[in-house]
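# Coordinates in review
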Amino acid sequence: MLGNRRLKSLLALFVLAASLVGCASSTGYSPFLRAEPAADSVLNRAPRNLRLFYEALPDVPNSSLTLTGPEGNYDLRGFHTMGSDDLMIEITNPSIPDGDYVVAWSVVVGEDSTVYDGSYRFSVVTNR
Ligand SMILES: [Cu+2]
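Structural notes, computed from the coordinates. (Residues numbered from 1 in each chain as written. Predicted model: local features only at pLDDT ≥ 70, side-chain atom pairs only at ≥ 80, totals over all residues.)

### Points about the sheet that holds strand S1 (residues 32-36)
Ordered by their spatial adjacency, four strands build an open sheet running S1-S3-S7-S6, and the pairing between neighbours is antiparallel. Each having just a single partner strand, S1 and strand S6 (76-80) make up the two edges of the open sheet. For this sheet the average axis-to-axis angle between neighbouring strands, irrespective of direction, equals 20 degrees. Here four bridges tie S1 to strand S3 (residues 49-54), and the two strands are oriented antiparallel to one another. Bridge pairing in S3 places alanine 35 opposite leucine 52. (Pairing = 2+ DSSP bridges. Helix = DSSP H or I, 4+ residues; strand = E, 2+ residues; numbered from the N terminus. Axes fitted to C-alpha atoms, helices over the stretch in contact; angles between N-to-C directions.)

Below is the structure:
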């Protein structure tokens, strides 16, 4: 049987290990600043591009974006940076349907090799 003291030290070790592994998320820090279309915005026309702004220049090959909406995942193309601490991508078929969308991003920015990720939502309501 495991003694109470041993259990406590195991628990302390586990908490320490968990805090070391989750370094990027446990601090709550995110380099993400804003996006176009903006997070939580309601658009009356479908966007043609997604553009995300960060605190430093993203490393495009080590970053990614996905767009998920009413019909699942939407194809994106031409992933690049405009050089303004941003990531930009074109929605391949811009006639996306009305509904709620989630942009999920993963990014490496500036001199920091940490991979940060996050997501935000926007809605399209065209009444077409
Ligand atoms: Cu661009």
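### Considerations on the sheet that holds strand S8 (residues 99-107)
Taken in spatial order, the five strands line up as S2-S9-S8-S4-S5 in an open sheet, and their pairing is mixed. The two strands at the open ends of the sheet, each matched to only one other strand, are strand S2 (41-43) and strand S5 (72-74). Mean inter-strand twist for the sheet, computed between neighbouring axes without regard to direction, equals 30 degrees.

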